[in-house]
Amino acid sequence: MLYYFTACDKNARRHYDETVASPYKISELFDSLDSEVKETLIANNLNEYVHMWGAVSGSQNVKRWGRLRENDAVLVYTTEGFTYYAKILCKTHNSKVAEHIWGKNNEGKTWEYIYFLKDLKEVSIPKEVFSSFFGYKLNFTPQGFSNIDKEKLNIRMKRYANTDHMIEELNNEFILSEEDLEENNFQTSLEADFSKIPDDSPETKKPRKQPRVMNGFKAWPRDPKISKIALKKAHFKCEIDQSHITFVSDASKEFYVESHHLIPMKFQNDFTTSIDTESNIVALCPLCHRKIHLARKKEKKELLKLLYDRRSGLLRDNVGIEISLDNLYSFYAIQ
């Protein structure tokens, strides 16, 4: 399991500075700990100083704390994003120790459901990158003490040997796409005169492009011209259902459709060949485009299966990209 806890308000940030960013001198409270915790700390040479955190009482906190096991992974979130990655060493329910270290909150509660951390590593993971990677909405903000949605985590873990490898890639290699950051602007950029856009030129296999900085983040770029070619080749009709008629665009003088990368651009790092290519770009009416991103899983799967059946052969034959339907589902955080 992969957990996270947040330290964003004034008090939490002070606790973070005192017991996470810096190890706490637990030796001063050692006699107040139960014997099993003492043995574990001694065995790991952490009986003098140790990184630690705690949760206040509450049904969800207590249940989640109860599920914590040694070597479970945990991310630490602050207003700067995710700043640390660690493993659970052990835990203890001890209000006396918690109150001595952290005091009480405004409700008179202390953070008595304590867990000790080991193998603490600094990371720098913006919440937008975290959200995109695990399939949350980009405006998702972590709250309190929680865990990554189990289904979302299982989907991502299929590609990694262990959690350490997954976090290493998330921290060092995973890059957002322009679609994550400026989708509306990109679709607007496609609204133009299509008369000079070719629709009979052969598609060519190209190496992936270098990411560029956009809104302060690294992002995989998209070429509007390639999307325009794809829309023109689709005759400005929705590839889910050609009977989906929208409206005539004033700029293009054609029925308005939007471009969508079937393999999302944020997974470009999985391919040496560019996935910003015509075979990977489908024309969708605005409603179907929203469904691909926002519909319930069952409906998403139906749409993706239809598009996969139509495009997987083109991707293979035109640009040498082969993926399974299950892989495609995983890109959308669907099992």
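Please read all numbers here as calculations on a predicted model, not as lab measurements.

Asker: Kindly report on the overall build of the chain, identifying the contributing residues and their values.
Answerer: On a plain count of helices and strands, the chain comes out with 12 helices and 12 strands. For the C-alpha atoms alone, the extent of the chain along its principal axes is close to 80 × 40 × 35 Å. Taking all 335 residues of the chain together, 52% fall into the buried category. Residue pairs at least 24 apart in sequence account for 73% of intrachain contacts in the chain once pairs closer than 6 positions are excluded. Carbon together with sulfur atoms contributes 46% to the accessible area of the chain, which is approximately 16400 Å² in total. Put simply, the chain has 49 plus and 49 minus side-chain charges, and the middle of one group is 3 Å from the middle of the other.

Asker: If you had to explain the pairing of strand β10 (residues 217-220) to someone new, which residues and values would you point to?
Answerer: Sheet topology note: the strand β8 (residues 176-177)/β10 ladder contains two bridges and is parallel. Residue Ser-177 lies in a different strand from β10, and its bridge partner there is Trp-220. Here strand β9 (residues 212-214) pairs with β10 via three bridges, running antiparallel. Looking across to β10, one finds that Val-213 is bridged to Lys-218. Turn length for the β9-β10 hairpin, with the two strands adjacent in sequence and antiparallel, is two residues, and the turn residue Asn-215 shows positive phi of about 55°.

Asker: Describe in detail a nonpolar patch on the surface, supporting the description with residues and values.
Answerer: Together, Ile-245, Val-248 and Phe-255 make up an exposed nonpolar region whose accessible area comes to about 290 Å². Note on placement: Ile-245 falls in the loop between α9 (224-233) and β11 (258-261).

Asker: Got a sec to walk through unusual backbone geometry? Specific residues and values, please.
Answerer: Here Asn-45, not a glycine, exhibits a phi torsion of approximately 55°, which is positive. If you trace the backbone, Asn-45 turns up in the loop between α2 (35-43) and β3 (49-55). Assessed through its relative accessible area of 67%, Asn-45 is described here as exposed. Phi angles above zero are rare outside glycine, and Phe-236 is one such case at about 55°. Along the polypeptide, Phe-236 turns up in the loop between α9 and β11.

Asker: How would you summarise the sheet that holds β8 if you had to cite specific residues and measurements?
Answerer: Spatially, the three strands line up as an open sheet ordered β8-β10-β9, and their pairing is mixed. For this open sheet the edge positions go to β8 and β9, each flanked by a neighbour on one side alone.

Asker: Before we move on, could you go through helix α7 (residues 163-172) and cite the residues and values that matter?
Answerer: For α7, the set of buried residues is Thr-163, Met-166, Ile-167, Glu-169 and Leu-170. Down the axis of α7, the buried side of the element spans an arc of 160°, and every buried residue falls inside it. On its buried side, α7 packs onto β1 (2-6), β4 (73-78), β5 (81-93), β6 (113-125), α5 (127-134) and α6 (150-157). Capping the start of α7, Asn-162 holds a side-chain oxygen 3.1 Å from the backbone nitrogen of Asp-164, two or three residues further along.

Parameters and conventions
- Residues numbered from 1 in each chain as written.
- Predicted model: local features only at pLDDT ≥ 70, side-chain atom pairs only at ≥ 80, totals over all residues.
- Heavy atoms only, no water.
- Helix = DSSP H or I, 4+ residues; strand = E, 2+ residues; numbered from the N terminus.
- Buried < 20%, exposed > 50% of the residue type's maximum accessible area, 1.4 Å probe, protein only.
- Contact = heavy atoms within 4.5 Å.
- Areas by Shrake-Rupley, 256 points an atom, 1.4 Å probe, with all protein chains shown as cover.
- Lys, Arg positive; Asp, Glu negative; His and termini not counted.
- Charge placed at Lys NZ, Arg CZ, Asp CG, Glu CD.
- Pairing = 2+ DSSP bridges.
- Patch = residues over 30% accessible without salt bridge, like charges linked within 9 Å, V, L, I, M, F, W, Y side chains within 5 Å.
- Salt bridge = Lys/Arg side-chain N within 4 Å of Asp/Glu carboxyl O.
- Arc of directions from axis to C-beta.
- Polar contact = N/O pair within 3.5 Å; in protein donor to acceptor, adjacent residues only side chain to side chain.

By themselves, these observations are geometric and do not establish any function.
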